[in-house]
Amino acid sequence: MADINSGYCYDWARLAIQYCPAAQLFYVRRLIPHAFIHFSGQWFDAQMPAGIRQWQQLPLFKPHRALFHPKDLIHWRPGDRYWHNR
């Protein structure tokens, strides 16, 4: 898991949406760049495979959750240049 949170979170999220095409990939660039998915009202990343209701409560963000706001959340779309299409 340390590798995933050291720049491979996008790879994990892309793999997850391949297995669950209805999931959507989101990311935050502010302070701690991190990619994660949203599916069926829950947010998931490699450290929270059971899901959580608020993305700010994901383990990587939790110590800094007061610093993150809804405007920080970015919905990834094909062609988005922040993380390359692989």
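Model, not experiment: these values are computed from the prediction.

Things to note about the pairing of strand S2 (residues 34-39)
Two elements, strand S1 (residues 24-28) and S2, share five bridges in a ladder whose sense is antiparallel. What sits directly across from Val-28, in S2, is His-34. As defined by bridge partners, S2 adjoins strand S3 (residues 42-44) across three bridges and the pair is classed as antiparallel. The residue of S3 that forms the bridge with Ile-37 is Phe-44. The antiparallel hairpin formed by S2 and S3 contains two residues in its connecting segment, where Ser-40 sits at a positive phi of about 50°.

Cut-off values and rules
- Residues numbered from 1 in each chain as written.
- Predicted model: local features only at pLDDT ≥ 70, side-chain atom pairs only at ≥ 80, totals over all residues.
- Heavy atoms only, no water.
- Pairing = 2+ DSSP bridges.
- Helix = DSSP H or I, 4+ residues; strand = E, 2+ residues; numbered from the N terminus.

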